[in-house]
Amino acid sequence: MNRFDQIRDLVMSLESDFQKFYDKENQAAGTRVRKGMQELKNLAQEIRVEVQNKKNDAEQK
């Protein structure tokens, strides 16, 4: 569940920047949101690869 915790923590850390960007139209917050979303995308890809590898290892046994 460590990976899930990483995703949850990342999303929660972006909450204030989402509010600043969408509610107050703070452009700098938008940059931080985009950066955080890229990190989320990369983390999600790592998890997908990890899950696929575990699945394939289990099928080989």
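Please read these numbers as outputs of a predicted model, since none were measured by experiment. (Residues numbered from 1 in each chain as written. Predicted model: local features only at pLDDT ≥ 70, side-chain atom pairs only at ≥ 80, totals over all residues. Heavy atoms only, no water.)

*Asks:* Got a minute to help me understand helix α2 (residues 27–60) in this structure?
*Replies:* In an α-helix, one turn spans 3.6 residues, which is why side chains three or four residues apart end up on the same side. Over its 34 residues, α2 runs 50 Å from end to end, which matches the ideal 50 Å to within 8%, given 1.5 Å per residue. All of the buried residues along α2 are Ala29, Gly30, Val33, Gly36, Leu40, Leu43 and Ile47. Among the structural elements, α1 (2–24) are those in contact with the buried residues of α2. Looking at where α2 begins, the residue whose side-chain oxygen comes 3.0 Å from the main-chain nitrogen of Ala28 is Asn26. (Helix = DSSP H or I, 4+ residues; strand = E, 2+ residues; numbered from the N terminus. Expected span 1.5 Å × (residues − 1). Buried < 20%, exposed > 50% of the residue type's maximum accessible area, 1.4 Å probe, protein only. Contact = heavy atoms within 4.5 Å. Polar contact = N/O pair within 3.5 Å; in protein donor to acceptor, adjacent residues only side chain to side chain.)

*Asks:* Explain the packing of α1 against α2 to me, please; I cannot follow it from the model alone.
*Replies:* Packed helices, taken two at a time, are described by their axes: the angle between them and the distance between them. Following both chains from N to C, one finds α1 and α2 inclined at 165°, their axes separated by 9 Å at the closest point. Relative to α2, α1 is oriented roughly antiparallel. Of the two possible hands of crossing, α1 and α2 adopt the one that is left-handed. Along the lines of polarity and charge, the residues of the contact of α1 with α2 split into twelve nonpolar, four polar and seven charged. (Axes fitted to C-alpha atoms, helices over the stretch in contact; angles between N-to-C directions. Parallel < 35°, antiparallel > 145°, perpendicular 65-115°, else oblique. Left-handed = near helix turned anticlockwise from the far one by under 90°. Nonpolar A, V, L, I, M, F, W, Y, C, P; charged D, E, K, R; others polar.)

*Asks:* I'm lost on the pattern of salt bridges in this one. Help?
*Replies:* Tallied over the full model, the rule gives four salt bridges. Notably, a salt bridge pairs Asp5 with Arg8, separated by 3.2 Å at the nearest N-O pair. Here the residue Asp5 and the residue Arg8 both occupy positions in helix α1, the gap between them amounting to three residues, near one helical turn. Measuring nitrogen to oxygen at the nearest pair gives 2.9 Å for the salt bridge that ties Arg32 to Asp17. Here Arg32 is found in helix α2, whereas its partner Asp17 is found in helix α1, with 15 residues between them in sequence. By relative accessible area, Arg32 is classed as partly exposed at 38%. Here the residues in one salt-bridge network are Arg3, Glu46 and Glu50, joined through shared partners. (Salt bridge = Lys/Arg side-chain N within 4 Å of Asp/Glu carboxyl O.)

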